[in-house]
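The residues making up each chain are set out below.
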Protein chains: 2
Amino acid sequence: MVDKKSERLDALFSALSDPTRRAMLESLADHPRSVGELAAPFDISLAGASKHIQVLERAGLVRREVSGRVHTCHLEAQPMHAGAEWLRHYERWWTRRLDALEALLQAEDTGDRARRATATRRAQARTKSRSRK
Amino acid sequence: MVDKKSERLDALFSALSDPTRRAMLESLADHPRSVGELAAPFDISLAGASKHIQVLERAGLVRREVSGRVHTCHLEAQPMHAGAEWLRHYERWWTRRLDALEALLQAEDTGDRARRATATRRAQARTKSRSRK
DNA sequence: CGTATATTCAACCGCATGGTTGACAAAAAG
DNA sequence: CTTTTTGTCAACCATGCGGTTGAATATACG
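Caption draft 1: Geometry of the protein's contact with DNA strand C. Near DNA strand C, the surroundings consist of 23 residues, among which Gly36(A), Ala47(A), Ser50(A), Gly48(B) and Gly68(B) are the closest. Element by element, the count of residues in the surface near DNA strand C is highest for helix 4 (residues 46–58) of chain B, at five residues. Here the surface near DNA strand C is built from residues that sort into eight nonpolar, 11 polar and four charged.

Next comes the structure, spelled out in structure tokens:
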């Protein structure tokens, strides 16, 4: 069940890793569109677009309403929330730059592993290719 | 240069789409680790882990400090910011509550997302004229 | 009815990915 | 100097992915 969450993130990030699919989602953010309408802006076959849409569907990002022969695709953004939450967890790393003081504090707080890493960092800052003791 | 941004997102989301790599990043969020330390928790060869780390590096998520024969890997989270921003763009879609059709579906079909297609078809027989542009 | 339209499906192609193993290189340890 | 440790590289394998084409399936239209 932890596994389940991971698989959802797999599918989400994997779906988002393709520029065509991201563009499709952006276009669906405007309003729902048929498969043909979704495919139109891209220089790919309808079958190719259909596959992309299926990937988005499997990731839960698109819901399909079949009405006659037209399949209307709607944006379903909830799964993105999990991804955003995962990323949010790292906010402090791009907000607060890892500086020397923090590294020093961490070295004194925790075990030898952190201390070694800090020493390495310090040594490297001082002399580029000299090895430490 | 718009292209450039897209490529960065490609690399980012693609890097994040693998559970092993996400776990590596989580472990690096704690403190920097050597390649061997990063590989240890997983049941894969060192060479396999090395490849994962290279993917993370190419996505800009990991910086490597070579000190002697030890390669120490540091988390470099800036690239995640772009992904978080992209996702944030859709916040209103997952904030916004389920619409009438969704509510109807939930009432009829208790919670199982997998069988939504059939429920949709059922609901469609009733509300035929909804929401086409 | 027959035909045009919207979409999927199946088979295939080329390339990337995640994984392995077996050298290999460089630094540390003895 | 020799051995051990740390990690990469190259080759290989199986699988998946993005793309195609061509046929199949419904549905709508005249």
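Caption draft 2: The sheet that holds strand 3 (residues 70–75) of chain B, seen in detail. Residues and elements named next belong to chain B. If you walk across this open sheet you meet the three strands as 1-3-2, and the pairing is antiparallel. Looking at which strands have only one partner, the edges of the open sheet turn out to be strand 1 (33–34) and strand 2 (62–67). Two elements, strand 2 and strand 3, share six bridges in a ladder whose sense is antiparallel. By the bridge assignment, glutamate 65 is partnered in strand 3 with threonine 72. Most of the contacts of helix 2 (residues 19–30) go to strand 3, to which it runs at about 90 degrees, and overall it touches strand 1, strand 2 and strand 3.

Caption draft 3: Region of interest: the confidence of the model for chain A. Averaged over every residue, the pLDDT of chain A is 82; residues scoring 70 or more account for 71%. This model gives residues 111–133 of chain A a pLDDT under 50, and the stretch forms 23 contacts once residues within four places in sequence are excluded.

Caption draft 4: Structural detail: the sheet that holds strand 2 (residues 62–67) of chain A. Residue and element names in this part refer to chain A. Ordered in space as 1-3-2, the three strands form an open sheet in which the pairing is antiparallel. Edge positions in the open sheet fall to strand 1 (33–34) and strand 2, since each of these has one partner strand only. Here strand 1 runs beside strand 3 (residues 70–75); their pairing, made up of two bridges, is antiparallel. When the bridges of strand 3 are listed, arginine 33 appears paired with cysteine 73. Its contacts with the sheet put helix 2 (residues 19–30) on strand 1, strand 2 and strand 3, and the angle it makes with strand 3 is roughly 90 degrees.

Caption draft 5: Up close: the packing of helix 1 (residues 2–16) of chain B against helix 5 (residues 78–88) of chain B. All names here are of chain B. Look at helix 1 against helix 5: their axes get within 9 Å of each other, and the N-to-C directions meet at 95 degrees. Relative to helix 5, helix 1 is oriented roughly perpendicular. Contacts between helix 1 and helix 5 involve Arg8, Leu9, Leu12 and Phe13 on the former and, on the latter, Pro79, Met80, Ala82, Gly83 and Trp86. Classifying every residue of the contact of helix 1 with helix 5 gives seven nonpolar, one polar and one charged.

Caption draft 6: How the structure looks around the packing of helix 2 of chain A against helix 4 (residues 46–58) of chain A. Residue and element names in this part refer to chain A. Look at helix 2 against helix 4: their axes get within 10 Å of each other, and the N-to-C directions meet at 75 degrees. For the element pair helix 2 / helix 4, the angle class is roughly perpendicular. From helix 2, Thr20, Arg21, Met24 and Leu25 reach across to helix 4, where they touch His52, Val55 and Leu56. Taken together, the residues that form the contact of helix 2 with helix 4 break down as four nonpolar, two polar and one charged.

Caption draft 7: Highlighting the nonpolar core. With 49 residues, the main nonpolar core has Leu56(A) and Leu56(B) as its most contacted residues. When near neighbours in sequence (up to four residues on either side) are disregarded, Leu56(B) contacts Ala15(B), Arg21(B), Met24(B), Leu25(B), Leu61(B) and Val62(B).

Caption draft 8: Summary view of the protein's contact with DNA strand D. For DNA strand D, the set of nearby residues contains 21 residues, the closest of which are Ala47(A), Gly48(A), Gly68(A), Gly36(B) and Ser50(B). Those elements giving two or more residues to the surface near DNA strand D turn out to be helix 4 of chain A together with helix 3 (35–39), helix 4 and strand 3 of chain B. For the surface near DNA strand D, the element with the most residues is helix 4 of chain A, which contributes five residues. Each residue belonging to the surface near DNA strand D can be placed in one class, and the counts come to eight nonpolar, nine polar and four charged.

Caption draft 9: Layout of the environment of Asp10(A). Within the secondary structure, Asp10(A) sits in helix 1 (residues 2–16). Between the C-alpha atom of Asp10(A) and that of Ala39(A), which follows or precedes it by 29 residues, the distance is 24 Å. Leaving out residues up to four positions away in the same chain, Asp10(A) has contacts with Ser17(B) and Pro19(B).

Caption draft 10: Up close: the environment of His81(B). Its place among the elements puts His81(B) in helix 5. Sequence-wise, His81(B) and Leu12(B) are 69 residues apart; in three dimensions their C-alpha atoms are separated by 10.0 Å.

Caption draft 11: Geometry of helix 4 of chain B. All names here are of chain B. With 13 residues, helix 4 ought to run about 18 Å at 1.5 Å a step, and its terminal C-alpha atoms sit 18 Å apart, in line with that. Considered for burial, the residues of helix 4 that qualify are Ala49, His52, Ile53 and Leu56. For helix 4, the arc enclosing every buried residue in end-on projection is 100 degrees, short of the 170-degree limit, so these residues lie on one face. Across from the buried face of helix 4, at angles greater than 90 degrees, the exposed residues are Ala47, Lys51, Gln54 and Arg58. Where helix 4 is buried, its residues meet helix 1, helix 2, helix 3, strand 2 and strand 3.

Quick notes on the rules
- Once a new chain begins, its residue numbering starts again from 1 and follows that chain's sequence as written.
- Just so you know, chain letters begin at A and ligand numbers begin at 1, following the order they were written in.
- pLDDT decides what is reported in this predicted model: residues at 70 or higher carry local features, side-chain atom pairs at 80 or more are listed and counted, and totals for whole chains, interfaces and linings draw on all residues regardless.
- In this analysis, residues qualify as near a molecule or strand once their C-beta atom, positioned from backbone atoms, comes within 6 Å of it.
- The way it works is that DSSP assigns letters per residue, a run of H or I at least four long becomes a helix, a run of E at least two long becomes a strand, and they are numbered from the N terminus.
- Think of it as three bins: nonpolar holds Ala, Val, Leu, Ile, Met, Phe, Trp, Tyr, Cys and Pro, charged holds Asp, Glu, Lys and Arg, and polar takes everything else, Gly as well.
- Strand pairing is assigned whenever DSSP identifies at least 2 bridges connecting the two strands.
- Residues are scored as being in contact if the C-beta atoms we place from backbone atoms lie within 7 Å.
- Comment: axis = line fitted to C-alpha atoms, over the contacting stretch for helices; angle = value between 0 and 180 degrees taken between N-to-C directions.
- Confidence of the prediction at every residue is given by pLDDT, a number between 0 and 100.
- We call two directions roughly parallel when the angle between them is under 35 degrees, roughly antiparallel when it is over 145, roughly perpendicular when it lies between 65 and 115, and oblique otherwise.
- As used here, a nonpolar core is made of buried Ala, Val, Leu, Ile, Met, Phe, Trp, Tyr and Cys residues. They are joined through C-beta atoms within 7 Å.
- Our exposure labels follow a C-beta count within 10 Å of each residue's own C-beta, placed from the backbone: buried means 20 or more other C-beta atoms, exposed means 12 or fewer, and partly exposed covers the counts in between.
- Here a helix's expected span is defined as the number of its residues, less one, multiplied by 1.5 Å.
- What the arc describes is the spread of directions from the helix axis to the C-beta atoms.

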